[in-house]
Amino acid sequence: MDLAIIGSGYVGLVTGACFADVGHNVVCVDNDPHKIEVLQAGKVPIYEPGLEEVIHRNVSAHRLRFTGSVQEGVDNSQIVFIAVPTPQQPNGDVDLSFLEKVAREIAGVLTDYRVIVDKSTVPVKTGEKVAESIKRYNRHRAKFDVVSNPEFLREGCAVGDLMHPDRIVIGAQSEHAIDLMKKVYEPFMAPILVTDINSAELIKHCANSFLALKISYINAVSAICEASGADVEKVADGIGMDHRIGRDFLDAGIGYGGSCFPKDIAAFIAISDQLGVSFDLLKEVQRINAAQKKRFLKTIRETLWVLREKRIAVWGLTFKPDTDDIRSSVAIDLVADLLREGAYVVTYDPKGMEKARAVKTIATAEFAASALDAVRDAEALIIATEWAEFANVDLAIVKEKMTTPIVFDGRNLFDPETMGQLGFRYHSIGRASVKSD
């Protein structure tokens, strides 16, 4: 099929590349001329495992191309996917101005029937607004259908998630649009759930909110574990073995971040308030998430006493491993907090360094060339992102390079007993602290 993807960010680029990889003809559209130039030159502006190979393979096969023209995308497609940003506003609501602008642009060039698919994460009832906007500015009175088709991609696993999805959700009123959407997803051989548009839009927010709820739940439990001497890892294993609960998203840490969870939860709370249904449970999820970072910082302060002029290494800047995305990263927040208290921070991340250097709140941090360079002469090491590179480091060399071998593991990357045997003073989340002899 002939498909257009308007918006070439994380969602749009991965979606377009994977659609092309199963045989569709795809044109990716973006209003950033530099991004289009980069893509047309064979480079990929984001890091996502496996994405570069998929893009190169399908550009070579002439199934994938890039343009800055919405009209070119609409004219050369049967289905137009909208995958533009929907950033959070100060009040927690969602900024839909990018979506509205694209809807108007599509309406202005629409001359024949098209299916317009909302791929962006949006508040419930947005599909109705998109349809109204296209109808209002559709000069040629062309027929169209609006569909909600939420994405469920995890950064760092996005290619695999799209190629092997748990489910496909299609929210639509038109049987013709549903049939066309089913043809798009036929090669993926995944279960398809057809709903009304409003239900499809809610599914995305509900899914992300529930996952954030699991994270905040185990983080709340971790505080109880620390107070009682229990081990949060064993507790999580025990409850996760119940198939009704599952072990995924029950890893205690310093809180969730990223471009989805914080924004989607704030948006869901705002949407619920607007509908007159206060979602207090999600407000508590937000509170627990914020408190988790504060508890971690409190442990650092109590252990080091004074942070001013102390040399502290921080491993990790991205909000999760296997991505270069630093949006709403708890790791970035930690570095900024340490710098505000006068610490001398040396940080390292395998993929997020370039973007992190542009963040003003951590501009005075030193960016090391490697994990081992970061810990040289450090008085403490903080693990803020659970990269595999950190898990596989030679801890004996780490200890040798540090001035005082104190580790604050915000992602429970290491075994406390092993760290104690190696001579570290080790603090993690929801597990007993270890003091070396």
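Details of the structure are given in the entry above.
Conventions adopted
- Residues numbered from 1 in each chain as written.
- Predicted model: local features only at pLDDT ≥ 70, side-chain atom pairs only at ≥ 80, totals over all residues.
- Heavy atoms only, no water.
- 1 Å grid on protein atoms, 1.4 Å probe; cavity = no way out; pocket = protein on both sides within 12 Å on 5 of 7 lines; lining within 4 Å.
- Points joined across faces, edges and corners; volume = space filled by probe spheres on them.
- Nonpolar A, V, L, I, M, F, W, Y, C, P; charged D, E, K, R; others polar.
- Buried < 20%, exposed > 50% of the residue type's maximum accessible area, 1.4 Å probe, protein only.
- Helix = DSSP H or I, 4+ residues; strand = E, 2+ residues; numbered from the N terminus.
- Pairing = 2+ DSSP bridges.
- Right-handed = clockwise from strand over helix to strand, strands pointing away.
- Axes fitted to C-alpha atoms, helices over the stretch in contact; angles between N-to-C directions.
- Left-handed = near helix turned anticlockwise from the far one by under 90°.
- Contact = heavy atoms within 4.5 Å.
- Parallel < 35°, antiparallel > 145°, perpendicular 65-115°, else oblique.
- Disulfide = S-S within 2.5 Å.

(A) Representation of empty space enclosed by the protein within the structure. Applying the stated rule across the entire model yields one cavity of 30 Å³ or more. A volume near 40 Å³ is recorded for the largest cavity. If you go around the largest cavity, the residues you meet are Asp-118, Ser-120, Thr-121, Val-122, Ser-148, Asn-149, Pro-150, Glu-201 and Lys-204. Here the residues of the lining of the largest cavity are counted per class, giving two nonpolar, four polar and three charged.

(B) Inspection of the pairing of strand β7 (residues 168–171) at higher detail. Judged by which residues are buried, β7 turns out to be covered on both faces: Ile-168 and Ile-170 on one side and Val-169 and Gly-171 on the other are all buried. Summarising the sheet, β7 and strand β8 (residues 192–195) pair through four bridges and their orientation is parallel. Counted as the bridge partner of Ile-170 is Val-194 from β8. Read from β7 through helix α8 (residues 175–185) to β8, the crossover connection turns out right-handed.

(C) How the structure looks around the packing of helix α9 (residues 197–228) against helix α11 (residues 261–274). With their axes 9 Å apart at the nearest point, α9 and α11 run at an angle of 115 degrees to one another. Considering only the axes of α9 and α11, their crossing is left-handed. Between α9, through Leu-202, Lys-204, His-205, Cys-206, Asn-208, Ser-209, Leu-211, Ala-212 and Ile-215, and α11, the contact on the second element is made entirely by Phe-261, Asp-264, Ile-265, Ala-267, Phe-268 and Ile-271. Among the residues making up the contact of α9 with α11, the classes are represented as 10 nonpolar, three polar and two charged.

(D) Looking closely at the packing of α11 against helix α12 (residues 280–304). It is at 9 Å that the axes of α11 and α12 come closest, and there the two elements cross at 150 degrees. For the element pair α11 / α12, the angle class is roughly antiparallel. Seen from above, α11 lies across α12 with left-handed handedness. Counted together, Ile-265, Ala-266, Phe-268, Ile-269 and Asp-273 of α11 and Leu-282, Lys-283, Val-285 and Gln-286 of α12 form the full contact between these two elements. Looking at side-chain class alone, the contact of α11 with α12 contains six nonpolar, one polar and two charged residues.

(E) Focus on the state of the cysteines. Under the defined criterion, the tally for this structure stands at zero disulfides. In this structure Cys-260 is a free cysteine whose sulfur lies 13 Å from that of Cys-157, the closest cysteine sulfur available. Exposure remark for Cys-260: the relative accessible area of 24% places this residue in the partly exposed category.

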